[in-house]
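The chain contents come next:
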Amino acid sequence: DVAIFSSPTDGYTSDISEAITHQIAEARAVIVSHWDFHSNSELTNALQVTPLEELTRPHSIYGLHPDLLSSPNPMADPWIHEGVELWEQDGVTWVVTEGTQSLATIDSEGSDSHIAWSADQMAIANGFLFDNFKDHDTDADGIKDLSELVGNQVALLTGCTEAD
C-alpha cells in the first residue's frame, strides 16, 4: 500500500498526521506533498524529517537518487519549473540526518535537499506543492512531470522496476 497526501496547510490536521504515523507503523508507504512543514511538528515527526529553509517560490529539481528521475518514467534532470507561480510560499529544504536520504535538491551541487526519503524508507516528503508542477512536461514526452515523479516515487517505495 502507498498512500499519497497532498493538501494545503489547513488540510493537514492531527487526524492526517495520525493516519500517516499509522500507515508507516504498519509498514505501508506514504508520499506527502506540502509547503508549510515548519508549522506542523506532528507531520514532520510522523515523516521523521526536519525542515531547514522556507522557500518563497518554486525551484527546479535536481535528482540525486539514480532512479528518482529515471525509473520507470524517464524525466528531465533537472526538472525545471517554468511558468506562473501558483502560491506565494512553496515549501522547504530538508536537514539530511541519520535515517534520512535526500532524493533531490533545488541546486545542482546537491546540497539543498527538497525531496527526502525517511522513516526507514517508508515515507517520501516532497518539500513543495504538487500544484506548482501539475501542468509541466519538461521533457515534452506527453506525460506530465508530476505524474512521472509520483510514479517513480511509488516505484522506489515498493521496489518495483520497469520490468515489474
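Placed above this text is the structure.
A brief report on the enclosed structure follows. (Residues numbered from 1 in each chain as written. Predicted model: local features only at pLDDT ≥ 70, side-chain atom pairs only at ≥ 80, totals over all residues. Heavy atoms only, no water.)

Thoughts on the overall build of the protein
Note the threshold: Helix and strand assignments follow DSSP, with helices taken as H or I runs no shorter than four residues and strands as E runs no shorter than two, numbered in order from the N terminus. Only C-alpha atoms enter the radius of gyration; for comparison, a globular chain is expected to reach 2.2 Å times N to the power 0.38, where N is the number of residues. Three labels apply to residues, based on accessible area from a 1.4 Å probe with only protein chains included: buried if under 20% of the type maximum, exposed if over 50%, partly exposed otherwise in between. Note on definitions: a residue-residue contact is assigned when non-hydrogen atoms from the two residues lie within 4.5 Å. Under the convention used here, a 1.4 Å probe and the Shrake-Rupley method define accessible areas, while residue burial counts only the protein chains that appear. When charges are counted, Lys and Arg are positive and Asp and Glu negative, with His and the chain ends excluded. A charge is said to be at NZ when it belongs to Lys, at CZ for Arg, at CG for Asp and at CD for Glu.
Of regular secondary structure, the protein possesses 3 helices and 8 strands. For 164 residues, the compact-globule estimate of 2.2 N^0.38 gives 15 Å, and the C-alpha radius of gyration of the protein, at 15 Å, lies within 12% of that figure. With respect to the principal axes defined by its C-alpha atoms, the protein has extents near 40 × 40 × 25 Å. Out of the 164 residues in the protein, the part that is buried amounts to 47%. For the protein, contacts bridging at least 24 residues in sequence account for 66% of all contacts bridging at least 6. Here the protein has roughly 7,700 Å² of accessible surface; of this, 47% comes from carbon and sulfur atoms. Here the protein contributes 4 positive and 29 negative side-chain charges, whose respective centroids are spaced 7 Å apart.

Points about the packing of aromatic side chains
For clarity, the threshold we go by: Whether two aromatic rings pair depends on their centres lying within 6.5 Å, for rings of Phe, Tyr and Trp, where Trp uses its six-membered ring; planes under 30 degrees apart make the pair stacked, over 60 edge-to-face, and the rest tilted.
Taken as a whole and judged by the stated rule, the model has 3 aromatic pairs. When the ring of W79 is compared with that of F128, the centres are 6.2 Å apart and the planes differ by 80°; the resulting orientation is edge-to-face. Pair noted here: W79 is in the loop between β4 (62-63) and β5 (92-95) and F128 is in the loop between β8 (123-126) and α3 (145-158), with a separation of 49 residues, a long-range link. Across this residue pair, the class does not change: W79 and F128 are buried.

Concerning the nonpolar core
Worth spelling out the cut-off: By convention a nonpolar core is built from buried Ala, Val, Leu, Ile, Met, Phe, Trp, Tyr and Cys residues, the set being connected through side-chain atoms within 4.5 Å.
Residues I20, L47 and I115 are the most contacted members of the largest nonpolar core, which totals 39 residues. The element best represented in this core is α3, accounting for 5 residues. If sequence neighbours within four positions are ignored, L47 has contacts with I20, I24, V30, V32, F37, S118, A119, A123 and A125.

What about the pattern of salt bridges?
The line we're drawing: Salt-bridge detection follows one rule: a side-chain nitrogen of Lys or Arg within 4 Å of a carboxyl oxygen of Asp or Glu.
Under the defined criterion, the tally for this structure stands at 1 salt bridge. The shortest N-O distance in the salt bridge between R28 and D1 comes to 3.9 Å. Here R28 is found in the loop between α1 (14-25) and β2 (29-33), whereas its partner D1 is found in the segment before β1 (2-6), with 27 residues between them in sequence. Residue R28 is classed as partly exposed on the basis of its relative accessible area of 24%.

Quick look at the environment of I106
With respect to the secondary-structure elements, I106 resides in the loop between β6 (101-105) and β7 (113-118). Sequence separation of I106 and I61 is 45 residues, and the distance between their C-alpha atoms is 4.9 Å. Filtering out sequence-adjacent residues up to four positions away, I106 remains in contact with L55, H59, S60, Y62, T93, D112 and H114.

Comments concerning unusual backbone geometry
Cis geometry is found at the peptide bond from S71 to P72, where omega equals 0°. Looking at the element boundaries, P72 is found in the loop between β4 and β5. At the junction of D77 and P78, the peptide bond is cis and its omega measures out at 10° in the coordinates. By the secondary structure assignment, P78 is in the loop between β4 and β5.

Shape is all these values report; function is a separate question.
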